[in-house]
Amino acid sequence: MTDGVRLAMWSGPRNISTALMRSWENRPDTRVVDEPLYAYYLNETGLNHPARDEVIAAGETRWQLVVDELTAPVEGVYYQKHMTHHLLPQLPRHWITSLTNVLLIRDPAEVVASYVNSRADVHAEDIGLVQQTELYDQLGADVPVIDAADFLRNPEAYLRWLCGYIDVDFTDRMLHWPPGPRPTDGVWSPHWYSAVLASTSFEPYRPRHTHLTGPAREAADRTRRHYNRLHEARLRL
């Protein structure tokens, strides 16, 4: 099996990453994987995330085995939903270049404001933008960067672009999906996916008015320059 595409979408939390996974999973030629490095990340860091023990028990904590599966030959499209903060400094990253990579970004104030609804503690490294700029430097300026706000203003245009980028036909099935959970959802979905579980399509973009204080504001402020850099390089349709 060597004719497929391993499409890796690298984002931070509280983005539109799970809705995008729904969109791609609704294609008949696509299988998806939900945050395959999450168990490794929690086991390695000892962080107390919602459903921590369940995530570790259900996932694979040996990064080598995860990478072997992510980089194996495929048929069709293998859509990989990744969180960039799972790329710990000690995790080798050479294997990422064997994937077809896209960076998905969102304004850090909006990310943090949503993040603290599920987990009170937040630091700059938790929301992925620092690691996204590292990936951008590793992969080179040709790696596509998509801003979630731009995407939600015109989902069909960006989905058509992505399909063209990996040389597959666009289908309207990517714009709508049945509500509810999927067997492919991570075991953490009850804690993080309430909006997506109720959704049947991408929500129209609307600006978020945020008021952050303390560590939450510090996390957003510390990642602002990383976001601004990637935002400037983003795909404009």
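All values reported here derive from a predicted model rather than from experimental measurement.

Attention shifts here to the sheet that holds strand β1 (residues 5-11). Strand order in the open sheet made by the 5 strands is β2-β3-β1-β4-β5, with parallel pairing throughout. The open sheet has two edge strands with one neighbour each: β2 (30-34) and β5 (145-147). On average, adjacent strands in this sheet sit at an angle of 25° to one another, irrespective of strand direction. As defined by bridge partners, β2 adjoins strand β3 (residues 77-83) across 5 bridges and the pair is classed as parallel. Bridging from a neighbouring strand, Val33 pairs with Gln80 of β3. Set on the sheet, helix α4 (residues 63-70) makes contact with β1, β2 and β3; between it and β3 the angle comes to about 145°.

With that out of the way, let us pick up the nonpolar core. In this structure, Trp10, Leu87, Trp95 and Leu103 are the most contacted members of the largest nonpolar core, which totals 43 residues. Elements supplying a minimum of two residues to this core: β1, α2 (38-45), α3 (52-58), α4, β4 (100-105), α5 (108-115), α6 (129-139) and α11 (214-232). Not counting the four nearest positions on each side in its chain, Trp95 is found in contact with Trp10, Leu37, Val67, Leu70, Thr71 and Leu87. Among the nonpolar cores identified, the runner-up in size contains 29 residues, and Val5, Leu20, Val32 and Phe170 belong to it.

Bringing the packing of helix α1 (residues 17-25) against helix α8 (residues 155-165) into the picture now. In the contact formed by α1 and α8, the axes pass within 13 Å of each other and the chain directions differ by 60°. Classed by the angle they form, the pair α1 and α8 counts as oblique. Where α1 crosses over α8, the two elements pack in a sense that is right-handed. Counted together, Leu20, Ser23 and Trp24 of α1 and Leu159, Leu162 and Cys163 of α8 form the full contact between these two elements. Along the lines of polarity and charge, the residues of the contact of α1 with α8 split into 5 nonpolar, 1 polar and no charged.

As a further point, take unusual backbone geometry. At Glu35, a residue that is not glycine, the phi angle is positive and equals roughly 50°. Secondary-structure assignment places Glu35 in the loop between β2 and α2. We classify Glu35 as buried; its relative accessible area is 9%. With phi around 60°, Ala51 is a residue other than glycine that occupies positive phi space. By the secondary structure assignment, Ala51 is in the loop between α2 and α3.

The buried fraction of β1 is high, at 7 of 7 residues. The two faces of β1 match: Val5, Leu7, Met9 and Ser11 on one face and Arg6, Ala8 and Trp10 on the other face are all buried. In the sheet, β1 pairs with β3 via 7 bridges, with the strands oriented parallel. Bridge pairing in β3 links Ser11 to Met83. Relative to β4, β1 runs parallel, the two sharing 4 bridges.

What counts and what doesn't
Residues numbered from 1 in each chain as written. Predicted model: local features only at pLDDT ≥ 70, side-chain atom pairs only at ≥ 80, totals over all residues. Heavy atoms only, no water. Pairing = 2+ DSSP bridges. Helix = DSSP H or I, 4+ residues; strand = E, 2+ residues; numbered from the N terminus. Axes fitted to C-alpha atoms, helices over the stretch in contact; angles between N-to-C directions. Contact = heavy atoms within 4.5 Å. Core = buried A, V, L, I, M, F, W, Y, C linked by side-chain atoms within 4.5 Å. Buried < 20%, exposed > 50% of the residue type's maximum accessible area, 1.4 Å probe, protein only. Parallel < 35°, antiparallel > 145°, perpendicular 65-115°, else oblique. Left-handed = near helix turned anticlockwise from the far one by under 90°. Nonpolar A, V, L, I, M, F, W, Y, C, P; charged D, E, K, R; others polar.

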